[in-house]
Amino acid sequence: MSGLVRNANVQDGKEFVMRVRLMMVCGLLVSAIGLAVEAGGGGRQDESSFEDARLIIEFNATDEDVGVQLFVDGDPWKLLRVFDPNGTRILEIKGTGSLKTQGLTELFFESSEPSLKDVSLEEFLARFPEGEYEYEGITTEGEEIDGTAVFTHAIPEGPILLTPIEDSVQNPDSTVVSWLPVPDPPGSEIIAYQVIVTQILDVLPKREFSVNVPADVNSVTVPSEFMASDAEYEFEVLAIEAGGNQTLSSSGFVTSQ
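Remember, it's a predicted structure, so these values are computed and weren't measured experimentally.

Novice: Explain the overall build of the chain to me, please; I cannot follow it from the model alone.
Specialist: Counting its regular elements, the chain contains 3 helices and 16 strands. Considering only residue pairs separated by 6 or more positions, the chain has 63% of its internal contacts joining residues 24 or more positions apart. On the chain, roughly 15,400 Å² of surface is accessible, and the fraction owed to carbon and sulfur atoms is 52%.

Novice: Before we go on, may I ask you to explain unusual backbone geometry in this structure?
Specialist: A negative phi angle characterises most non-glycine residues, just as the trans form characterises most peptide bonds. The omega torsion across Thr163 and Pro164 is -10°, close enough to zero to call that bond cis. Of note, Pro164 is situated in the loop between strand E9 (161-163) and strand E10 (168-170). The omega torsion across Leu204 and Pro205 is 0°, close enough to zero to call that bond cis. Along the chain, the position of Pro205 falls in the loop between strand E12 (190-199) and strand E13 (207-214). One non-glycine residue, Glu64, lies in positive phi territory at about 55°. Here Glu64 is to be found in the loop between strand E2 (52-60) and strand E3 (65-73). Of the residues examined, Glu64 reaches a relative accessible area of 44% and is grouped as partly exposed.

Novice: What exactly am I supposed to notice about the nonpolar core here?
Specialist: One recurring pattern in soluble globular proteins: nonpolar side chains tend to sit buried together. Leu55, Leu80, Phe124 and Tyr135 are the most contacted members of the largest nonpolar core, which has 24 residues in total. Contributions of two or more residues to this core are made by E2, E3, strand E4 (77-83), helix H3 (121-127), strand E7 (131-139) and strand E8 (144-151).

Novice: Sorry, what's going on with the packing of aromatic side chains here?
Specialist: Any pair of aromatic rings gets described here by the distance separating the centres and the angle formed by the planes. On inspection of all chains with the given rule, the structure shows 7 aromatic pairs. Ring geometry for Phe209 and Phe226: centres 6.0 Å apart, planes at 40°, overall tilted. In this pair, Phe209 sits in strand E13 while Phe226 sits in the loop between strand E14 (219-221) and strand E15 (232-241), placing the two residues 17 residues apart along the sequence. Residue classification places Phe209 among the buried residues on the basis of a relative accessible area of 16%. Given the relative accessible area of 11%, Phe226 is considered buried. In this arrangement the basic side chain of Arg207 is found over the ring face of Phe226, its NZ or CZ atom lying 5.1 Å from the centre.

Novice: What's the story with the sheet that holds strand E1 (residues 48-49) in this structure? I'm lost.
Specialist: Sheet strands pair by backbone hydrogen bonding; their relative direction is either parallel or antiparallel. Overall, mixed pairing links the 5 strands, which are arranged E1-E8-E7-E4-E5 in an open sheet. Single-partner strands in this sheet number two, and they are E1 and strand E5 (89-94). Taken together, the 8 bridges between E7 and E8 define a ladder with antiparallel strand orientation. Within the sheet, the bridge partner assigned to Ile138 lies in E8 and is Glu144.

Novice: Could you clarify how one ought to interpret the sheet that holds E14 in this entry?
Specialist: A sheet is described by the order of its strands in space; here 3 strands give the open sequence E9-E11-E14, paired in antiparallel fashion. Strands at the two margins of the open sheet, each flanked by one partner only, are E9 and E14. Geometrically, the sheet is characterised by an average inter-axis angle of 20° between neighbouring strands, direction not taken into account. The pairing of strand E11 (residues 176-179) with E14 spans 3 bridges and is classified as antiparallel. In the strand pairing of E14, Ser178 is matched with Ser219.

Conventions adopted
- Residues numbered from 1 in each chain as written.
- Predicted model: local features only at pLDDT ≥ 70, side-chain atom pairs only at ≥ 80, totals over all residues.
- Heavy atoms only, no water.
- Helix = DSSP H or I, 4+ residues; strand = E, 2+ residues; numbered from the N terminus.
- Contact = heavy atoms within 4.5 Å.
- Areas by Shrake-Rupley, 256 points an atom, 1.4 Å probe, with all protein chains shown as cover.
- Buried < 20%, exposed > 50% of the residue type's maximum accessible area, 1.4 Å probe, protein only.
- Core = buried A, V, L, I, M, F, W, Y, C linked by side-chain atoms within 4.5 Å.
- Phe/Tyr/Trp six-rings, centres within 6.5 Å; stacked < 30°, edge-to-face > 60°.
- Lys NZ or Arg CZ within 6 Å of the ring centre and 35° of its normal.
- Pairing = 2+ DSSP bridges.
- Axes fitted to C-alpha atoms, helices over the stretch in contact; angles between N-to-C directions.

Structure follows, in C-alpha cells:
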C-alpha cells in the first residue's frame, strides 16, 4: 500500500473516532437536559410563592368613603413590589440594615379612605383597575418569590342595621347586634359577615370584640364577659363578598349601669 493511501486511511479513522466521541457527548448533553426538565422546569429553578396575597376594597356605607387593603404573607423577604394589571408598579417596599437581614413576612396596610365627595367611586375604581395584581419579591436568601391577587369591582351594599338602635341603652348581659341580609352584588355572592364591637376608651389597648359568621347568620350576641356597665361602644357590621371586598355600616350605643 502506498504511503498516500495509508495516510488517507489514518486520517479517515481519526475523523471517525472524533465523530463517535462527538455523538457520545451530544447524547450525554441530551440526557442531562432531559433529567433537568423532569426535575423541575427545564433547568430553571422554580420561584417560591407567597402563602397569601390579597388586595380588596373596603367601602364605608355610613361615612361614604372608600379605600383598598393589601395583605401579603410568606417566607422572609427583603424586597416586595406590586404591579397592577397594566404592568405599572404601584408599590415597592425594601428592608434595609437590620430589617433587611431579619426579613419581613406578614404585611397588612390600608390606603387612605377619601370621601366620595372628594374622590368619586368612578375615579377610585379607575385608579385600581380590575384584574391580576402581581406580587414579586426577593427573600433574605436572595431567591425570587411571587404571588397573584385577583382584584374585582364587586362591592356589596352596606348592611342595614337593626339592633342596637343608635344611641340606645343596652343591657350589658344581653346585647344583640342584628342586621338585614345583604343581596349578592352583581357577579359575586355574599359569603360572610364580620361584627366588630369596640369600647370607646381614652387608654390603650382598646377593648374590641370581633367575630366572622356565615352568610346565613344575621345576628350576634355580644358576650357578657366583654361588656361593661355604664360604657360607650361603637360597632360595625361588614358584608364580605367572594372576592374579599367588604362594605361596612356602623353605629353606636351605651350600656346601663
